[in-house]
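Working through the structure, step by step
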Amino acid sequence: MLTVLWADQEPVPADDRGLAYGDGLFETIRIEGRRPLLLARHLARLVRGAEVLDIPLDQAALGGALEEALVRHGRAGAWVLKLQLTRGSGGRGYRPPESCRPRLIISAHPLPAALPESGVSAGMTDYPLVVNPRLAGLKTLNRLDQVMASRDLDDSLYEVIMADPAGNLVEGTRTNLLLRYGDQWLVPPWSCLAVAGVMLGWVTDRLIACGETVVERPLVPSLLTSPHCRGLYLLNSVVGHVAVRSLGERDLPLDDGLATICGPLEELE
């Protein structure tokens, strides 16, 4: 059975394992009025994550809670719905209880400010991103690496980019990376991502459907200084995609090819 907790009405119990150990998952969904964008992809990632973590998830109850959330919080314009699925309450100690009652914590939030069409500035962080291969791609509640890296953000930067211990660019603290390189689009190997973003998934599928070439390969920093580099993009499901006009002290080329292929975020299903 799934326990639903409305964050604007009641607090999370102190013995919740998501609070105590990051034992759970979350999804952050952009809503247009009462229409969730990329919903099938969000739910598929949540269901897959629950299977990997062995958290029993009643999908019918999840769907019912989502419908109620859209009625409760639906409003004109765009906003953000956050779903946090935890293993529920448990005693002290890491070992999960033999039986659990998962908890779904639901909250609504304003949409962040729109990003400039001229692109954003980003920086690099020296905090390394080390991904456990068994948890790769899952949006777990344990995001301490991203919290630590975010200390390098300041008001002049929209994002900081994290690299793996070998120095390959992997992702931002809250975004995925996509590089236009010559006549190809490059993405880091999916198996190396801390979070396999649903927006990145949709964009790469769209590129392939349009006949574009998408290649998974390590993003070594030298790719950005090559004459073949045509543009670096940051992607997530709340803001869509935005070009990086500068990374640290280096200006990057700007390219409008992604906008012409993908179209407005508000029109996605």
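Above this text is the structure in question.
Residue numbering note: each chain is counted from 1, following its sequence as written. Under the rules for a predicted model, residues below a pLDDT of 70 receive no local features and side-chain atom pairs below 80 are neither given nor counted, while totals for whole chains, interfaces and linings still include all residues. The side-chain figures draw on all heavy atoms in the structure; neither hydrogens nor water molecules are used.

For Phe, Tyr and Trp, rings pair up if their centres lie within 6.5 Å, where Trp contributes its six-membered ring, and each pair is then called stacked (planes under 30 degrees apart), edge-to-face (over 60) or tilted (otherwise). Applying the stated criterion to the full structure yields two aromatic pairs. Consider the rings of Y21 and Y94, whose centres lie 5.2 Å apart with planes at 65°: the pair is edge-to-face. On the criterion of sequence distance, the pair formed by Y21 in helix 1 (residues 17-21) and Y94 in the loop between strand 4 (78-86) and strand 5 (103-110) is long-range, its members being 73 residues apart. Ring plane angle 40° and centroid distance 6.1 Å describe the contact between W185 and Y233, whose orientation is recorded as tilted. A run of H or I in DSSP counts as a helix once it spans at least four residues, and a run of E counts as a strand once it spans at least two, with each numbered from the N terminus.

A separate point is the packing of helix 2 (residues 39-53) against helix 3 (residues 59-73). Between helix 2 and helix 3, the shortest axis-to-axis distance is 12 Å and the interhelical angle comes to 140°. Put simply, helix 2 runs oblique to helix 3. When you trace helix 2 past helix 3, the crossing you get is right-handed. Contacts between helix 2 and helix 3 involve L39, L43, L46 and V47 from the first element and Q59, L62 and L66 from the second. Lys, Arg, Asp and Glu make up the charged group, whereas Ala, Val, Leu, Ile, Met, Phe, Trp, Tyr, Cys and Pro make up the nonpolar group; the residues left over, Gly among them, are polar. For the contact of helix 2 with helix 3, the residue count by class is six nonpolar, one polar and no charged. The angle between two axes is taken between their N-to-C directions and runs from 0 to 180 degrees, where each axis is a line fitted to C-alpha atoms and a helix contributes only its stretch in contact. The scheme is simple: roughly parallel for angles under 35 degrees, roughly antiparallel for over 145, roughly perpendicular for 65 to 115, oblique for anything else. Handedness of a crossing is defined here by the sense of rotation of the near helix relative to the far one, left-handed for an anticlockwise turn of less than a right angle and right-handed for a clockwise turn. Pairs of residues are marked as contacts when any of their non-hydrogen atoms sit within 4.5 Å.

Of note, V244 is situated in strand 13 (residues 240-247). For the pair V244 and D255, spaced eleven residues apart in the sequence, the C-alpha separation amounts to 9.8 Å. Apart from the residues lying within four places of it in its own chain, the contact partners of V244 are V120, A122, L232, L234, L252, P253 and L254.

With that settled, the discussion passes to the nonpolar core. With 25 residues, the main nonpolar core has L178, M199, V203 and L258 as its most contacted residues. Counting residues per element, the ones that place at least two in this core are strand 10 (184-187), helix 5 (198-209), strand 12 (229-236) and helix 6 (257-262). Beyond its immediate stretch of four places on either side in the chain, V203 contacts L178, L235, L258 and C262. Counting residues in hydrophobic clusters, the runner-up holds 23 residues, among them L25, L53, L66 and L85. Only buried Ala, Val, Leu, Ile, Met, Phe, Trp, Tyr and Cys residues count toward a nonpolar core, and they belong to the same one when joined by side-chain atoms within 4.5 Å. Burial classification: accessible surface area is computed with a 1.4 Å probe over protein chains only, and a residue below 20% of its type maximum counts as buried, one above 50% as exposed, and the rest as partly exposed.

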